[in-house]
Amino acid sequence: MRNVPAGLAPLSLVGRPQPFPMKIEVHILTHDDEQMFAWSLRHYLQFADQIVVHAGGPKGVSGGCDEATLSNVRVKPWDTAGELNDELARRLKNECWRATGADWVAVVDADELLHFPEGAKKTLETYERVGAAVIKPSGFEMFSEKWHDPSELLGVQLTDFVKHGSPDDKWY
């Protein structure tokens, strides 16, 4: 049994697209933000071949789901000594992806959703054609009228509800 938010159990009903010809790995850093993590994991399951969750904080990632449902998700404890520490997060982000065999790797916080207006597959194929190796995304603060509980909504993404945003120059 893997430790994942209870709201993710229905993901097996949502389905997963066919794997891309390229391998995509996503590392998600989470520190006791269960509800946003549930949305984040649902978002990245749309296109990631492998997801590694670095679960920090006293609660880690709680809830439950059968292991077969999320066979492409690995949960690794992230020792934060119970506190959110930017230096520890920076070191983890700089090192966690180094042993990957993936063609593309994203390292994100649980509240960061990479959006590909043209779709992940088409965008990454374009980056490969032009020889891009490192992509720096633009950050936006996004707003929604209300919080939506992921466990109550099957087959939808958080981005379905977010209609307003503004550029955030402090994002990176």
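## Some points on the nonpolar core
Part 1 of the argument: Core analysis: the largest hydrophobic core is formed by 22 residues, its most contacted members being Val 26, Ile 28, Leu 41 and Ile 51.
Part 2 of the argument: Every element with two or more residues in this core is listed here: β1 (24-31), α2 (34-44), β2 (50-56), β4 (104-109) and α4 (120-129).
Part 3 of the argument: Residues within four places of Val 26 in sequence aside, it is in contact with Tyr 44, Phe 47, Ala 48, Gln 50, Ile 51, Val 52, Ala 106 and Val 108.
Part 4 of the argument: Ranked by size, the runner-up nonpolar core spans six residues in total, among them Trp 78, Ala 89, Leu 92 and Val 107.

## Quick notes on the pairing of β1
Part 1 of the argument: β1 sits mainly inside the fold: eight of its eight residues count as buried.
Part 2 of the argument: Of the two faces of β1, the one carrying Ile 24, Val 26, Ile 28 and Thr 30 and the one carrying Glu 25, His 27, Leu 29 and His 31 are both buried.
Part 3 of the argument: Of the strand pairs in this sheet, β1 and β4 are connected by six bridges, and their pairing is parallel. Pairing of Val 26 across the sheet is with Ala 106, part of β4.
Part 4 of the argument: Relative to β2, β1 runs parallel, the two being bridged by seven bridges. Each bridged residue has a counterpart across the sheet, and for Val 26 the counterpart in β2 is Ile 51.
Part 5 of the argument: Following the backbone out of β1, through α2 and into the adjacent parallel β2, one traces a crossover that is right-handed.

## Focus: the sheet that holds β2
Part 1 of the argument: In space, the four strands of this open sheet follow the order β3-β2-β1-β4, with parallel pairing throughout. This sheet does not close on itself; its edge strands, each paired only once, are β3 (73-78) and β4. The mean inter-strand angle of the sheet, taken between neighbouring strand axes irrespective of direction, is 15°.
Part 2 of the argument: Relative to β3, β2 runs parallel, the two being bridged by six bridges. Paired with Ala 55 across the bridge in β3 is Pro 77.
Part 3 of the argument: Against the sheet, α2 contacts β1, β2, β3 and β4, and its axis sits at roughly 180° relative to β1.

## A few points about the packing of aromatic side chains
Part 1 of the argument: Taken as a whole, this structure holds three aromatic pairs when the rule is applied.
Part 2 of the argument: Where Tyr 44 meets Phe 47, the ring centres are 5.8 Å apart and the plane angle is 75°; that geometry is what we call edge-to-face. One exposure class covers both Tyr 44 and Phe 47, and it is buried.
Part 3 of the argument: Seen in terms of ring centroids, Phe 47 and Phe 116 are 5.5 Å apart; in terms of plane orientation they differ by 90°. Their pairing is edge-to-face. Residue Phe 47 is found in the loop between α2 and β2, and its partner Phe 116 is found in the loop between β4 and α4; the two are separated by 69 residues along the sequence.
Part 4 of the argument: Ring pairing ties together the aromatic residues Tyr 44, Phe 47 and Phe 116, which thus form one cluster.
Part 5 of the argument: Over the aromatic face of Trp 39 sits the side chain of Arg 42, whose NZ or CZ is 5.0 Å from the ring centroid.

Parameters and conventions
- Residues numbered from 1 in each chain as written.
- Predicted model: local features only at pLDDT ≥ 70, side-chain atom pairs only at ≥ 80, totals over all residues.
- Heavy atoms only, no water.
- Core = buried A, V, L, I, M, F, W, Y, C linked by side-chain atoms within 4.5 Å.
- Buried < 20%, exposed > 50% of the residue type's maximum accessible area, 1.4 Å probe, protein only.
- Helix = DSSP H or I, 4+ residues; strand = E, 2+ residues; numbered from the N terminus.
- Contact = heavy atoms within 4.5 Å.
- Pairing = 2+ DSSP bridges.
- Right-handed = clockwise from strand over helix to strand, strands pointing away.
- Axes fitted to C-alpha atoms, helices over the stretch in contact; angles between N-to-C directions.
- Phe/Tyr/Trp six-rings, centres within 6.5 Å; stacked < 30°, edge-to-face > 60°.
- Lys NZ or Arg CZ within 6 Å of the ring centre and 35° of its normal.

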